[in-house]
Structures are given as structure tokens and as C-alpha cells.
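Structure assessment
What follows is each chain in one-letter form.
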Amino acid sequence: MENDKKVVLEIKDLHVQYNTDDATVRAVNGLNLTLHEGEKLGLVGETGAGKTTLALSILKLLPEKVGEITKGSITYKGEDLVTASEGHMLKLRGHSISMIFQDPMTSLNPTMSVGDQVLEVINLHFPELSSAEKTKKVDEMFNMVGIPASRKGEFPHQFSGGMKQRIVIAMALIAEPELLLADEPTTALDVTIQAQILELMRKLKEEFNSAVVLITHDLGVVAEFCDTVSVIYSGMVVEHGTVEQIFEGDGNHPYTKGLIHCIPSLTDTSKRLKPIPGRMPDPRNLPQGCCFADRCPNCMEVCKQRLPEPYEKDGHMILCHLYDEKEAKNA
Amino acid sequence: MPEDKNKPIIEAINLCKYFKTPKGQLHAVEDVSFSLMPGKTLGVVGESGCGKSTLGRTILRLQPATSGEVRYEGENILNYNRKQMNRIHQNMQMIFQDPYSSLDPRMSIRALITEPLEVLGTKKNMSAAEEKEKVSEIMDMCGLPKYYNNLYPHELDGGMRQRVGLARAMILDPKFIVCDEPVSALDVSIQAQILNLLLDLQDRNGLSYMFITHDLAVVKYISDEIMVMYMGQVVELAESDELFAHPMHPYTRALLNSIPTIDLSRRNRERITIRGEVSSPINPAPGCRFAPRCPYATEACRQNQCLKQVSPGHFAACTEGFK
């Protein structure tokens, strides 16, 4: 079903590293991702899994000199972004690909009124409009995200966190981008406000039919909002599937299973949580085999020696030797 | 000291905490009463700014209360002098939200863990060998490897730092710990480790917790009783399962409805979104503070509000949410 739709973004074997004086930090290690038109993809993983690095790589906003794409390709609607010029990226950013950052408190300029900040974005993308039209557009954007346009003369500190995030969303959506990258857009917000923002994003998504990449560590948010999920561990997608395959299927990657067991259930309280022991490997010094091997309850000898080949069935991809084995037996 | 299992270890009676601001009085905690039994956990939930941390700090007397009482084992501690408080503070400890800013970066892990002994003067009664043994026992209990002794906080990750925070509280053998969002800054896999550790310590030492959080799934997992706060007021108080099964207050209901879960069958539920934002707690209007956002609000809601018992052990300020 998804496959009939146009591919918006395709990432193949992406490697990103940060070069520091002491070490090379390998943040993204052979990551693959395909996103179709209008799809809502959830990118889940823990701190340091490489989620934000991936988003910054797509927009080519990696810190200069330090961050480097060493291998792989990022293709946006048929054009390669890795080799694209800065001038071309400037045209894409905000226009075709937009990003919402985690912290609404720091992504707005404290010295400019919010209306002026929205206007700034309009000036950039629609220089041809007359100033009356621009003002009208500012008002429209405020109304769309549920903030009275009469407050556009106010400054960021006069708004609450949820309202600031709405303003940031308005700015990201002005040019009706075809791809929206949302990096932990609700993490800094309370649950009731989070519900409002997710509802807003859902509504806006329907209106513009943008493809959305929602980066989060919260599996609950993914289950609520997304169609498909990619679970990221040590800069690799270890499992990819539809929300049903991930949350209701029985064959999951051991890491995904571990994550699901870590979340307290609202319905069943009798069970103790089963935490994943240990922590993610140091990205300066990655193991040879599967990165999850040290923490995996199903770890085998082969896991420590080499990386598994992706196992795929009905669009559900799992990167784990357990499924290799099954495959071998069935063959 | 003989411990009576049937007597509350901590009680708050009509506790209020106001702050003076240039614009007027900020009502952070308004008329809060509860009692906590030994070995039990009281969860306090609410959104940012609802006064849950202020409540925790006021109960520990880290800041003076405006009015009301806090009783530790039946005695009002609000007028205790410094010496008496030192004695009480050995039994009442706190762990903080941010494991990155609550530890002095220039102190070694060992120094951090022994600091409370020095501060409360317990160290004088201990020989160096005893102290060493105590520290290694506590580190072991909190899952900290021995070689951490001489490390510094920046060398540890968030989960381990939170364990150090917990060890600092545990070294005094407290009976009651206020846990202020102890797992909010941690990843889920680490969060589960810390939650299980807290439960293990409770089973072993008979600790009582006041667990402050905005995460409803976490609070359900760890608490026996849950108190829901909105702008300084308690809107509902009930046993954990009861609260989730029969939320009475419209705010509680909306809050429970807003939680994102991995249960896909909830995806198509009827969503209760609360309109608007929390209003200002400075010089608030009398009556229910949730009224401006409440879909059921009537004129009567602006008069006054108080908790009423709706079923044994279940108190709610309003029952309009129960449908």
C-alpha cells in the first residue's frame, strides 16, 4: 500500500562522524531509511542513538569542520543532498524541508516580537508578496496554530512553552514543506499541552499532506501519532515496520522488546519492569559485531563477531542474527 | 524508636505556601492535607508549575511554610529549632530531578556520598573504618561499582549520577524520601533501572516515598496512593488503581486521557483536549482554579472548592468528570 506512493526521502548506508581532537565519534553508522509522501515516520531511540545527528545531516546543518558525512547518500525527491551546494540547501531549508527543534524556549529570538519572527520567514520564502499580503499571512499563520493574531506584537518570554512551540510550528509550516522534521517537539511540554500539539500537528499534516519524521524517545508518542517506526540504536536502524508490526507483532528486535518492557503499563501493574542492563556502547569505540550484543538477552557467539544482515518480511525489517538463523532453518 | 505501622509517618494538615512577588501573592500550595503510612508511596502528579515540588520542599522544611502543619510521626515539625530539625532530617531526605546539576562537580563520588554525614554531624560518632564500610555498603545497595569512589560526577552518565543522588539520601538510613522527578531526565531503559532500585530499597528498608512526577505511567507503577494537583490545589486523591479506574475530577480525566501509550487500541479513543493554558497563580480568584478551562464549569465552581469523599479512600474536589 505504502509502496505505491512516491518516495520523498531515501537514505542509504549513511555514515556520519564527529571529528574531535581526541577521538572520532561515530554517530550514524550505515543507516537506511525510506519515507513516502504523506507518511508519518517515528524515529525512536535513546539519548546518543544518533537521531538528531540524522536530522541535521538531512538539512546539512552539522557543525562545520567537526561533523562529517563520510559515506552514503541522502536523496530528497531524486536529488542528492550530500553533494548539494550550500546555496541550493538554503532554498530547500524551510521551503521544502522544515525542522521543528526540541526546545521552543531557545529556538526563538528573545529580542524580536513573535510576529516579526514569523514575518522574517515569510520575507524569505515569499519576497514577491506585498506588505499587506505578508501581514495577512502572519495573521493567518497565528490563527492556524490557535494563537490570537492580536498577540503577534508580544515577545517570546510572554508566551508559555506550549504556545512558543505553536509559534515555532507555524514558522516551520509557512512554506507548506513537503518534509517536516520534528525533533522531540513535545518533550519539553506537559502531557495536556503535548496532546494539544500532537492534535495540531495531526490536523496540519492532513491539510498540507507533508511527510513527517517525528524524532522522539517516547514510544507512546510514536504509537499515538505515527504510521511507521524506525528504532535506532548506535546510529543504525535495528528495526523498521508499521506501528502494528512494532507494537503488536510478536517478532521484534530484542532491543525494541527491551524498550517496550521498560515502560510502565497503565493497565497491568502486577509486573516488575524489566530494565535493559548496561548502556549503549561508546560511539568512540564501537564493537565489531552487533552494537546491542552486550546488553542482549539472546546474544549468541556470532553476534559479537559480525553485523547481521537485515531480515525483511512484509516491509518489517529487523537487524538481528536471531532472524538470520530462522531464515537459514526455513531455507 | 518503636515504629507503629498503623500510624502515619508523615502528615500534612491544611498546608499552605505562598510566595511574595511584586505583583502580589503567589499561591503555590493551597490547603493541602494528606497522610502517608510507613512503607507506602504517595505519588504527586500535576503539570509544571502546579506546586508539586514546592509541596515536597515545604514538607522537608527546605523553605518555611506559610500556614498549616507538617507532622513527622505525629509531631508538628514546623516550629522545631535547628538542632531538632537536624535530627529529623536524618529521617527525611530528598532526591532531585536533575542529576547533572544536583551534584557538586568538584567533589569525588565518595566525598559526595559522605557529605550528608558531615552536614548532620553523624560523622562524629563514626570511626574511619566504620564510615568506609558504611559507604561501600550504600554504594553496593544503590548499584554503584566500588571503583566509582574516586571518580567525579562528569565521568558518570545520568543514571549513575541519579544513583549517587540516591546513595547520598540513603547513607543516613532515612525513613522517608521525597523523590522530585527522579527519573524525568533519564532514558526509558535507565528509568526502569532506577524505578526498580527504588522499589527494592523500599521492600528492604521499609521506606516511605513521596514521589513527585508529571509522568502518569511512572506514578501508577510506583505509588500506592496518588494525589493530583492543579495550580496548588489538590483536585483528587485516591488509591492508585482506583484513580485510574474511576477518575472523578474533569482535570484528572483529561490528564489520564492525554497520556500517550503504546496501546494501539487507544489510538481511536475519543480525545479530551483541555482548551487553553494554566492561568496565573498570583492572587488567584476563589473557587476551583481549573474552572476557566473546565467544560463543565458553572457559576458555583467559582465559589469555593474542597475535597469530598466520594468512596472510601477516594477524595475528589469535583465529580463532574465521572461519566
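Okay, so let's go over this structure. (Residues numbered from 1 in each chain as written. Chains lettered and ligands numbered in written order. Predicted model: local features only at pLDDT ≥ 70, side-chain atom pairs only at ≥ 80, totals over all residues. Heavy atoms only, no water.)

Remarks on the packing of helix H3 (residues 109-119) of chain B against helix H5 (residues 158-170) of chain B
Residues and elements named next belong to chain B. It is at 7 Å that the axes of H3 and H5 come closest, and there the two elements cross at 35°. Crossing handedness for the pair H3 and H5: right-handed. Touching Ile109, Leu112, Ile113, Glu115 and Pro116 of H3 are Val164, Ala167 and Arg168, all from H5. (Axes fitted to C-alpha atoms, helices over the stretch in contact; angles between N-to-C directions. Helix = DSSP H or I, 4+ residues; strand = E, 2+ residues; numbered from the N terminus. Left-handed = near helix turned anticlockwise from the far one by under 90°. Contact = heavy atoms within 4.5 Å.)

Details of the packing of aromatic side chains
Under the definition given, this model contains eight aromatic pairs over all chains. Where Tyr230(B) meets Phe290(B), the ring centres are 5.1 Å apart and the plane angle is 80°; that geometry is what we call edge-to-face. With Tyr230(B) in strand S9 (residues 225-230) and Phe290(B) in the loop between helix H9 (250-258) and strand S11 (308-311), this residue pair connects regions lying 60 residues apart in the sequence. Here Tyr230(B) matches Phe290(B) in class, with each residue buried. Members of the aromatic cluster, each reached through a chain of ring pairs, are Tyr233(A), Tyr255(A) and Phe292(A). A cation sits over an aromatic face here: Lys137(A) above Phe126(A), 5.2 Å from the ring centre. Across from the ring centre of Phe244(B), 5.2 Å away, lies the NZ or CZ of Lys220(B), which sits over that ring. (Phe/Tyr/Trp six-rings, centres within 6.5 Å; stacked < 30°, edge-to-face > 60°. Buried < 20%, exposed > 50% of the residue type's maximum accessible area, 1.4 Å probe, protein only. Lys NZ or Arg CZ within 6 Å of the ring centre and 35° of its normal.)

Description of the interface of chain A and chain B
Across the contact, 46 residues belong to chain A and 41 residues belong to chain B. The junction of chain A with chain B conceals about 3700 Å² of combined surface from both sides, 55% of it contributed by carbon and sulfur atoms. For the chain A face of the interface with chain B, the top three residues by lost area are Glu224(A), Leu266(A) and Arg272(A), together amounting to 20%. Taken together, the links from chain A to chain B amount to six salt bridges. (Buried area = accessible area lost by both parts, 1.4 Å probe. Salt bridge = Lys/Arg side-chain N within 4 Å of Asp/Glu carboxyl O.)

Points about helix H2 (residues 82-89) of chain B
All names here are of chain B. Taken together, the buried positions of H2 are occupied by Met85, Ile88 and His89. For H2, the angular spread of the buried residues around the axis is 95°, confining them to a single face. The secondary structure elements touched by the buried residues of H2 are strand S4 (67-72) and strand S6 (92-95). Where H2 starts, the residue carrying a side-chain oxygen 3.2 Å from the main-chain nitrogen of lysine 83 turns out to be asparagine 81. (Arc of directions from axis to C-beta. Polar contact = N/O pair within 3.5 Å; in protein donor to acceptor, adjacent residues only side chain to side chain.)

Digging into the pattern of salt bridges
Between side chains of opposite charge, a pair can form when the charged atoms approach closely. Tallied over the full model, the rule gives 24 salt bridges over all chains. Between Lys52(B) and Glu181(B) there is a salt bridge; the shortest N-O distance is 3.8 Å. Of this pair, Lys52(B) sits in helix H1 (residues 52-59) while Glu181(B) sits in the loop between strand S7 (176-180) and helix H6 (188-205), and the two are 129 residues apart along the sequence. You'll find Lys52(B) and Glu181(B) in the same group, each marked buried. Each member of the salt-bridge network shares a partner with another, and the members are Glu199(A), Arg202(A), Glu224(A), Arg269(B) and Arg271(B).

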